[in-house]
Amino acid sequence: MPKITILCENTVGRPGLIGEHGFSAWVELEGETLLLDTGAGQGVVHNALAMGKDLAEIEKIMISHGHYDHTGGLNMVLGQARGAEVYGHPDIFKNRVAIIGRGDNRIVRSIGLPFGREYLEGQGAEFVLSEGVQEVAPGARLTGEVPRVTDFEVNDPMLFEGQGGTYAPDPFLDDQSLVLESPLGLIIVFGCAHAGMINTIRQAQAITGQDQVYALLGGTHLGFHTPERLEASIQALKEIDPAVVAVSHCTGMKPAARLMQEFGDRFVFANAGSVFDFD
Ligand SMILES: [Fe+2]
Ligand SMILES: [Fe+2]
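Keep in mind that what you see is a predicted model, and the values were worked out from it rather than measured.

**Digging into the pattern of salt bridges**
For the structure on display, the rule yields 12 salt bridges. A salt bridge links K53 to E28, with the shortest nitrogen-to-oxygen separation between them at 3.1 Å. Placement of K53 in the loop between α1 (44-50) and β4 (60-62) and of E28 in strand β2 (residues 24-29) is noted, with a sequence separation of 25 residues between them. In this structure, the salt-bridge partner of D91 is K94, at a minimum N-O distance of 3.6 Å. A residue is classified by how much of its surface remains accessible, and K94, at 27% relative accessible area, is partly exposed. Taken together, the shared-partner salt bridges connect E231, K238, R258 and E262 into one network.

This is how it looks when you write it as structure tokens:
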């Protein structure tokens, strides 16, 4: 069974770690260790060291999507994980912004991957980019582009792609999650689940042919949507009936509280330092 340690999250669950708006998970499989995302850059090296994880062991880094809070530590990680393969979707390098407010009060904030491809290749990155499903280790896959099958999971209206004042809603084709097969069911680790938590679960089931979902971890982005959408997501999740709901990051406090109310002891807030040993 996989063992997953949360390296970076907005909050910390044990002393000596750095919390930052971001996400990174250390994923131990039989015979292989993977890294999903790298946080925003402040915490990943420090936290790995503090938890006795040697980043030099990492040969495969997976990028869930091209936001700074998942990719900002990529150069730091590559400094230790020399020559690592970096898996992701070709769109991870797109320019992306968050637009907050309107008119004169409008703030445009750059939120994309903060490094260019050439620079990262100069740091030793070997990019393995694909729009489709990628098997990164036996029983471990990236979802590839996630078909939007639910009617309630729309994209975050504040997030755009583009540059120089010309922006369009970000379709988040690059948003993908890590799917691990286990005897107890699927273990799905989201980055932000911009493609929709339920859409992502449906894709995980489709690409593995396994319906049973055992555990969900990572960011769900539920905190950035309407209460109606949150309730629709929770209803759908109750039918999927996972045994472990260990979400955090962009899930948000109120949605996390609602999930805890619904899932009781099956809910865990996965902050930096949390260890999920599914054995
Ligand atoms: Fe995020
Ligand atoms: Fe994101």
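**What about the packing of aromatic side chains?**
The tally for this structure, following the rule as stated, stands at four aromatic pairs. Look at Y214 and F278: their rings are 5.7 Å apart centre to centre, the planes differ by 75°, and that puts the pair in the edge-to-face class. Of this pair, Y214 sits in strand β15 (residues 213-219) while F278 is found in the segment after β17 (275-277), placing the two residues 64 residues apart along the sequence. Both rings, one in F276 and one in F278, keep their centres 6.1 Å apart while their planes meet at 20°; by these two values the pair is stacked. Residue class for F276 comes out buried when judged on its relative accessible area of 8%. For F278, a relative accessible area of 8% puts it in the buried group. Here the aromatic cluster, defined as three or more aromatic residues joined through ring pairs, consists of Y214, F276 and F278.

**Topic: the coordination of the iron ion (ligand 2)**
Within the protein, the iron ion (ligand 2) binds to H65 (NE2), H67 (ND1), C192 (SG) and H194 (NE2); these donor distances fall in the range 2.2 to 2.6 Å. Around the iron ion (ligand 2), the four donor atoms sit at angles spanning 91 to 170°, and that spread fits a shape best called irregular. Positions of the donor residues of the iron ion (ligand 2), expressed as sequence spacing, correspond to H-x1-H-x124-C-x1-H. Separating the iron ion (ligand 2) from the iron ion (ligand 1) is a gap of 3.4 Å, which C192 spans by donating to each of them.

**Re helix α5 (residues 197-208)**
The end-to-end C-alpha distance of α5 is 17 Å, a good match for the 16 Å that 12 residues give at a rise of 1.5 Å each. Looking at α5, one finds that the buried residues are M197, I198, N199, T200, I201, Q203, A204, Q205 and T208. The elements touched by buried residues of α5 are β10 (140-142), β13 (178-180), β14 (186-190), β15 and α6 (227-240). Of the residues flanking the end of α5, it is G209, one or two places downstream, whose phi is positive at about 70°.

**Considering the coordination of the iron ion (ligand 1)**
Binding of the iron ion (ligand 1) to the protein goes through D69 (OD), H70 (NE2), C192 (SG) and H249 (NE2), at separations of 2.1 to 2.3 Å. Spacing between the donor residues of the iron ion (ligand 1) along the chain follows D-H-x121-C-x56-H.

Criteria and thresholds
- Residues numbered from 1 in each chain as written.
- Chains lettered and ligands numbered in written order.
- Predicted model: local features only at pLDDT ≥ 70, side-chain atom pairs only at ≥ 80, totals over all residues.
- Heavy atoms only, no water.
- Salt bridge = Lys/Arg side-chain N within 4 Å of Asp/Glu carboxyl O.
- Helix = DSSP H or I, 4+ residues; strand = E, 2+ residues; numbered from the N terminus.
- Buried < 20%, exposed > 50% of the residue type's maximum accessible area, 1.4 Å probe, protein only.
- Phe/Tyr/Trp six-rings, centres within 6.5 Å; stacked < 30°, edge-to-face > 60°.
- Donors = N, O, S within 2.8 Å, 3.2 Å for Na, K, Ca; no water.
- Tetrahedral: all angles 85-135°; square planar, octahedral: opposite > 155°, others 65-115°.
- Expected span 1.5 Å × (residues − 1).
- Contact = heavy atoms within 4.5 Å.

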